[in-house]
Amino acid sequence: QSDDFHWDDYLKETGSISAPLECFRQSKIPPTNDFKVGMKLEAHDPRSITSVCIATVVGITGARLRLRLDGSDNRNDFWRLVDSPDIRPVGTCEKKGDLLQPPLGYQMNVSSWPMFLLRTLTGSEMAPASYFKAEPPKPALNNFKVGMKLEAIDRKNPYLICPATISNVKGDDVYVTFDGWSGAFDYWCKYDCRDIFPVGWCHLTGDVLQPPGNQTPIIKNTVKAQTCSSKANRRSMQTAQKTAVAVTAQQTRKSGRSKASVLTS
Ligand code: MLY
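Remember, predicted model here, so these are calculated numbers, not experimental data.

What counts, and where the lines are drawn
Residues numbered from 1 in each chain as written. Predicted model: local features only at pLDDT ≥ 70, side-chain atom pairs only at ≥ 80, totals over all residues. Heavy atoms only, no water. Core = buried A, V, L, I, M, F, W, Y, C linked by side-chain atoms within 4.5 Å. Buried < 20%, exposed > 50% of the residue type's maximum accessible area, 1.4 Å probe, protein only. Helix = DSSP H or I, 4+ residues; strand = E, 2+ residues; numbered from the N terminus. Arc of directions from axis to C-beta. Contact = heavy atoms within 4.5 Å. Phe/Tyr/Trp six-rings, centres within 6.5 Å; stacked < 30°, edge-to-face > 60°.

Asks: Where do I start with the nonpolar core in this structure?
Replies: Soluble globular proteins: nonpolar side chains tend toward being buried together. Judged by nonpolar contacts, the single largest core of 32 residues is most densely connected at Phe144, Ala152, Val174, Val176, Phe178, Tyr187 and Ile196. Of all the secondary structure elements, the ones that give two or more residues to this core are helix 1 (7–14), strand 6 (149–153), strand 7 (161–170), strand 8 (173–178), strand 9 (187–190), strand 10 (196–197) and helix 4 (201–205). Among the elements that take part in this core, strand 7 stands out by supplying 4 residues, more than any other. Phe35, Leu41, Ala55 and Tyr131 belong to the second largest nonpolar core, which has 16 residues in total.

Asks: Can you walk me through helix 3 (residues 113–121) in this structure?
Replies: One full turn of an α-helix is made of 3.6 residues, so residues set three or four places apart face in the same direction. Within helix 3, the full set of buried residues consists of Trp113, Leu117, Thr120 and Leu121. Burial along helix 3 is one-sided: seen end-on, the buried residues are contained in an arc of 90°. Facing away from the buried surface of helix 3 by more than 90 degrees, the exposed residues are Leu118 and Arg119. Turning to helix 3, the residues buried within the fold contact strand 1 (40–45) and strand 2 (48–61). Immediately beyond the C-terminal end of helix 3, within one or two residues, lies Gly123, with a positive phi of roughly 75°.

Asks: Please explain the packing of aromatic side chains as it appears in this structure.
Replies: The geometry of an aromatic ring pair comes down to the distance between the two centres and the angle between the two planes. Using the criterion set out here, one finds 14 aromatic pairs in the structure. Between Phe35 and Phe132 the ring centres are 5.1 Å apart and the planes differ by 85°, which places this aromatic pair in the edge-to-face class. Taken together, the residues span a long stretch of sequence, with Phe35 in the loop between helix 1 and strand 1 and Phe132 in the loop between helix 3 and strand 6 at a distance of 97 residues. In terms of burial, Phe35 and Phe132 fall into one category: buried. Consider the rings of Trp181 and Phe185, whose centres lie 5.5 Å apart with planes at 80°: the pair is edge-to-face. Here the aromatic residues Phe5, Trp7 and Tyr10 are joined through ring pairs into a cluster of three or more.

Have a look at this one:
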């Protein structure tokens, strides 16, 4: 957790509440991350969901792994929780009688794939089965309410986890907005999405929680409000604006011009 951001103070200053643990499809006690950089595993190719590929752990961040598909480039890394159903031990595919696939963007001729696979696995360290944790169960209902705070993955910069707000709820879907940022990073997702976490998650897992942004939220939100037609949207935008104003005030008080230049680079 960054030195100058503390959920307790922030919740007070914004007059907001955190979404209860029961809202999330995350384990109450975050899973331990035993993986080591260099270990290999099987992973679904995020760009070609029917393919199962060999991936290497190239980084560890909290309860997540930074993964790179063997035979792919270094520009398509992705992040998965250790209890994600997208990853499993090497050998799982073979046991099921399936074939490991080359990743999308495999740089060599496909005919070289079997030999590449053999070479990449020979002598490599494979992550033990006990490191892979079971996916937590899905909460029965969408219990999120507008205004609740959470920690959410920035899908445009998926290594980042940031303070966020539930700004709209529709059936099983929730609208996640990023505190202190204009709408560019916001997204709709299912309430049981694995990219959203309870307040305190990063602190418990040792992942880095970003501080809220300090863009000029009032101007950006006004622009956005004009494009919102429904009453519900306008109402949630008003909530967001109030939060944004409070955040900006807080940040100005705490750190003057703060980290805008770093975060918007
Ligand atoms: N400098 C990048 C990263 C922005 C990150 C925003 N997140 C934290 C909501 C950009 O401005 O695109």
